Every structure is written in structure tokens, then in C-alpha cells.
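Chain by chain, the residues run as shown.
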Amino acid sequence: MTALEDAKHTRSALEALALLLDGKAAAASTYRRKRAVFHHALDYAVELEELSANPLDRVKLRRVKTTDEIDRRAVVNPDQARELLTAVTYCGRTRGPMLAAMFACMYFGGLRPAEAAGLREKDCHLPNDGWGLLTLEKTAPQSNKRFTDSGKAHDERGLKHRDQKVTRPVPIPPELVAILRDHLDRYGVGNDGRLFRTRTGGVISGSAYAMVWKEARTYALTPDQAASPLAARPYDLRHAAVSLWLNAGVHAPEAAERAGHGVDVMLRVYAKCIDGQRDVANQRIMDALAG
């Protein structure tokens, strides 16, 4: 601990945080997260009077700035999304058909995978006609068993970036309402009310639905598309959903509320995924110049 009083050792520690276990450079977001954890640990050491001050405050390690923008090549259009959702039903005898509605929630509702995995029947308002509503309350993220309170790979938690008891209403189009109603009719719900689960009632692991998605891409996409970043991960369905909303002219605050983002984050992350806005902007400028 005392070695960190020397700026040289502190810099070496930061350089180590910037690397993965295999020696390759870590992503900027990974470095930021690890540095934040390290900073909090050293703050605690200062509180215990093991250190006189946090040494990280004196040392700066330059990293390439990143905007966390979405790669627009990964964003599918509605036709491609529907083809992929259909292809999911061809994957396996039961697993693919069971997961199709979960992937549909990511695309039509913009849900995060963990939010879709934690969806329960009581969270769903599915009318016979018109738009429905999902009231998100819980999420079931996956992590190492050593880091969960329950000792299980999935701990039920509140929504990301929200207080434990805060919910998020997400209006869903009639197409998703019909998909979820059909799913409930065919598969029912688990003992805890969850819509999506394993054969034994457990939470579906990220690796399990990632394998289904990987197989579905080979059915729905051309070989060139399958080799590209197009919808490479299930999470890209959420990116496609938010991009679609913004392209359709949904106001950023409303889109951010549905997606569970801050407006500033949404505009920064999805700025380059908003197609067709340049011509609109040019025309507005021309109109203004014309007086």
C-alpha cells in the first residue's frame, strides 16, 4: 500500500488496469470501470489512515477518448429484425420458440436482455386491441456467483440507473402485444410469474440465448451479413429499437424514458444512427435563410 505513495508505482498500477488478462488493451469503458473501483478502494484506505491521500488524484494516464457511439452497421431495419425473430423459432425443438418473444421484447420494446429475462406476467398489460404497456420493475443480470448476495448467477435487482423501487413504463406496439399473448397461451409462466425461463424454471443464461441468436443469424442473414457486425449480439436489437424511435421522430426525452437512458447519453450514443436527418436539417436552414 505504501508503495502507491510513489507516483511511478501508481502509474504502473493504472497501466495494469488498462490491460486484459491476455495482455491486450482493454476497452476504454472497461478501464474506466476498473479505475473507478480502484479509486474507491484507495479512498477507503485513506479513510482508514493507511494512506495520507488518494494517489490516483496525482497521476493521470492518458487514454483515447471514446463517445460510446453505437456502430450503425450493427443496427437492423424492421424487415431484418422480423426475419431474425422468425429464424429464432427454428433453433432447437423448444428453446428457440420459447425465446422468440424475449428477443421480440428487446426489439419492439427496447428492453435490455436482463430486463426481458426478468419480465413477469403482472408487469404486462396486453389488451385485445391497440398498444400495450410493460411496467418494468425488476431485472435479472448475470454475474459471477461470488459477487451476488444469493450465491446464484442471477440476482433480482432494481432497474439500471434507478432507485430500487422505481419502475419504468414502456408502451409496446400491437405486434409485440400479440407475440406476448401467444407466448403466454403456449408456455404460461413460471412459479414466480416470469415469462422466460429454463425447462426447470431457472433464469436463462446469457450464453444460452447468445447461442440461439448466433444460430438464428445463420438462417436469417446472408453469409456476408452474418460475417458483419449486423445484429451480432442480442443487445443490438435494443440499439435497433432506440434508433428506430429516433429516426421516426420520437422526441429524445420520450425515447430516453422508454429506454431507461438519460437524454444526454441517448443523443451521444445514438447520434450517428439517426439516418435521414441531414436533408431535413438542410431544408430547415434553407427555409430560415429565405426569410
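This text goes with the structure placed above it.
Given the structure is predicted, the values throughout are model-derived calculations rather than measurements. Note that residues are indexed from 1 along each chain, following the sequence as it is written. At least 70 in pLDDT is required for a residue's local features to be given in this predicted model, at least 80 for side-chain atom pairs to be given and counted, and no such filter applies to totals for whole chains, interfaces and linings, which use all residues. Excluding hydrogens and water, the side-chain values take into account all heavy atoms of the structure.

(A) Highlighting the overall build of the protein chain. Put simply, DSSP marks the helices as runs of H or I at least four residues long and the strands as runs of E at least two long, and each gets a number from the N terminus on. A count of helices and strands for the protein chain gives 12 helices and 3 strands. For each residue, the accessible area found with a 1.4 Å probe, counting protein chains only, is set against the maximum for its type, and the residue is called buried under 20%, exposed over 50%, and partly exposed in between. A burial count over the protein chain gives 39% of its 291 residues as buried.

(B) Quick peek at a nonpolar patch on the surface. Here the term patch refers to residues with relative accessible area over 30% and no salt bridge, with like charges joined within 9 Å and nonpolar side chains (Val, Leu, Ile, Met, Phe, Trp, Tyr) within 5 Å. Exposure was quantified through the Shrake-Rupley algorithm and a 1.4 Å probe, taking into account, for residues, occlusion by the shown protein chains and nothing else. Salt bridges are defined by distance alone: a side-chain nitrogen of Lys or Arg within 4 Å of a carboxyl oxygen of Asp or Glu. There is a patch of nonpolar side chains on the surface, built from Ile285, Met286 and Leu289 and spanning about 350 Å² of accessible area. The residue Ile285 is located in helix H12 (residues 277–289) in this model.

(C) Highlighting the state of the cysteines. When two cysteine sulfur atoms are found within 2.5 Å, that pair is recorded as a disulfide. On inspection of all chains with the given rule, the structure shows 0 disulfides. As a non-bridged cysteine, Cys105 has Cys124 as the owner of its nearest cysteine sulfur, 7.0 Å distant.

(D) Representation of the nonpolar core. Core analysis: the largest hydrophobic core is formed by 45 residues, its most contacted members being Phe103, Leu134, Leu180 and Phe196. Every element with two or more residues in this core is listed here: helix H3 (78–88), helix H4 (95–108), helix H5 (113–117), strand E2 (132–136), strand E3 (168–172), helix H6 (174–187), helix H7 (206–220) and helix H9 (235–247). Per-element accounting of this core gives the leading share, 10 residues, to H4. Should any heavy atoms of two residues lie within 4.5 Å, those residues are considered in contact. In contact with Leu180, other than residues within four places in its own chain, are Ala101, Cys105, Leu126, Leu134, Ile172, Leu195 and Phe196. In this structure, Ile70, Ala241, Leu246 and Tyr270 belong to the second largest nonpolar core, which totals 12 residues. We define the nonpolar core as a collection of buried residues of types Ala, Val, Leu, Ile, Met, Phe, Trp, Tyr and Cys that are connected through side-chain atoms lying within 4.5 Å of one another.

(E) Inspection of H6 at higher detail. Expected span, for any helix, means 1.5 Å times one less than how many residues it has. In this model H6 runs 20 Å from its N-terminal to its C-terminal C-alpha over 14 residues, within 8% of the 20 Å that 1.5 Å per residue would give. Taken residue by residue, H6 has Leu176, Val177, Leu180, His183 and Leu184 as its buried positions. For H6, the arc enclosing every buried residue in end-on projection is 125°, short of the 170-degree limit, so these residues lie on one face. Exposed residues on H6 whose side chains face more than 90 degrees from its buried face are Asp185 and Arg186. Each element contacted by the buried residues of H6 is listed here: H4, E2 and E3. When we speak of the arc, we mean the arc of directions from the helix axis to the C-beta atoms.

(F) Seen up close, unusual backbone geometry. Backbone geometry at Glu49 places phi at a positive 65°, although glycine is not the residue there. By the secondary structure assignment, Glu49 is in the loop between helix H2 (28–47) and H3.

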